[in-house]
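Architecture and fold: a report
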Amino acid sequence: KVFQAVVSCIGGDGTIYIIPKSFETALNKLMAEIQNTFKGLGLLIPYCWKKGEACVVRGSDTVWYRAKIVEVSGSTLQVQYIDHGYIESIPQCHLYPTTFYTGIPPFCIPCQLYKTLPIGNFWQQEAVEYLQELLKNEEVEIHVKELPDNPWGKLSISLYFGGMSLSSFMAYQRYCVAEDCQDIQKLGVFEGDLSPSYLLQPLPVPGEIFPVTVTHLVSPKEVYICLDSSENLKKRSATERSASCDSESLSKALKWCNKIVKTLPHLTNFKKELPCLAEYVDGLWYRAKLLSITQLVPVQILVQFVDYGTYLVAPTSRLRHIPCHLLKYPVQAVRVLLAGFRPASDDKNVERIPYSPEWSLKALWTMVDCVEGKRLSASILTVSPEVTISLYGDDRNLVHLKLIEMGLAELDQ
């Protein structure tokens, strides 16, 4: 069985506690009932607690949780929050014995990684801390491999985060040995000597109007667009719905990659068009491709962020190998030419775009104002030799009409 779950806790012994997404509604309902039933402080009179006894605990967030006694030690009790997995030492005044809700099974499931042997036969403290940092409160994909021998045992699972196998990733980190060799081969994260390439984004059929956002402008006429995933799903074509799902899955995969990016090796191959991860000025890592070496000492590389169209000159320290599973998502940004206009022959503005001197800088900034942060729509006119589109503003007028009004462009039939 395969399902989505949230990792609620990593136990001190490396046990992974998960709450299936399908349980969330029932858990929230139960938590609301508990809050209505128990109010105020815990039990203030002396009480003889027993190991394994059911109780409710008032947590540091003042919320009541179901729990059980794990260990009795004077005035402090060690309890386990049965719906979340974590263990905590609590003063007796924050507990209340109860027989309420004991017939409802725990919502969290203790799990262990299938055919995965920790180094030294137990999970080292460093590995446990790494798992907590990587997984706690994150949504993951669970593949059930073996059921436990008893109902309270650990479920044997394969866990995937952002399309990556946790067993294989932890084995790469040398925290464990993954006995399932196929699993390691499927990881495919560190195949840096290959020459992979990105998939291209499928486009709507010519003539169909579809929502877009402009992610980068090279000139008033040459821009990069993304199919807009924010519009109502029902109104979208199959191509747009597919692009939206790709975009959402890619965002999740990139979020995970940013968490593990320091474990990915730096680039040593600087072949043109080679896919990679590059660090942008916001400190986050995105999919990119190499374009050229702009400086040898120190080495500076021109890269393009394929999901936005933007460029950056970066040192090699800001470039890393890309996990192969990130190559299955098509590039989100598509280079297009805008139809219907050309540079004004009588544009007297002296400041020109250095790499495209037929256009004035004023024309470029005017076009930026027309498209930045706007709800736009487009219609494809031709796909060869260049993708050419008509681009419309949120008022349904062609965006280039503003440039023509200002004398910065002229109509091109």
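Criteria and cut-off values
Residues numbered from 1 in each chain as written. Predicted model: local features only at pLDDT ≥ 70, side-chain atom pairs only at ≥ 80, totals over all residues. Heavy atoms only, no water. UniProt positions renumbered as here; feature names shortened; annotations may be inferred. Core = buried A, V, L, I, M, F, W, Y, C linked by side-chain atoms within 4.5 Å. Buried < 20%, exposed > 50% of the residue type's maximum accessible area, 1.4 Å probe, protein only. Helix = DSSP H or I, 4+ residues; strand = E, 2+ residues; numbered from the N terminus.

An unreviewed UniProt entry lists the protein chain under the name RING finger protein 17, with Calcarius ornatus as the source organism. The protein chain has a UniProt comment under Function (unreviewed entry) that states "Seems to be involved in regulation of transcriptional activity of MYC. In vitro, inhibits DNA-binding activity of Mad-MAX heterodimers. Can recruit Mad transcriptional repressors (MXD1, MXD3, MXD4 and MXI1) to the cytoplasm. May be involved in spermiogenesis." Database annotation for the protein chain, UniProt heading Subunit (unreviewed entry): "Interacts with MXD1, MXD3, MXD4, MXI1 and PIWIL1. Self-associates."

Focus: the nonpolar core
The biggest cluster of nonpolar side chains holds 31 residues, and the ones touching the most others in it are Ile16, Leu134, Leu135, Leu159, Phe161, Leu166 and Met170. If you look at the next biggest cluster of nonpolar residues, it comprises 29 residues, including Val214, Val223, Ile353 and Trp359.

Thoughts on unusual backbone geometry
Of note, the bond from valine 297 into proline 298 is cis; its omega dihedral lies within 30 degrees of zero at -15°. On the secondary structure map, proline 298 appears in the loop between strand E17 (285-295) and strand E18 (300-305). Positive phi outside glycine occurs at threonine 62, with the angle close to 65°. Assignment of secondary structure puts threonine 62 in the loop between strand E3 (54-58) and strand E4 (64-73). Even without a glycine there, the phi angle at asparagine 121 is positive, about 70°. The residue asparagine 121 is located in the loop between strand E9 (116-118) and helix H2 (125-135) in this model. In this structure asparagine 121 comes out as exposed when scored by relative accessible area, which is 63%.

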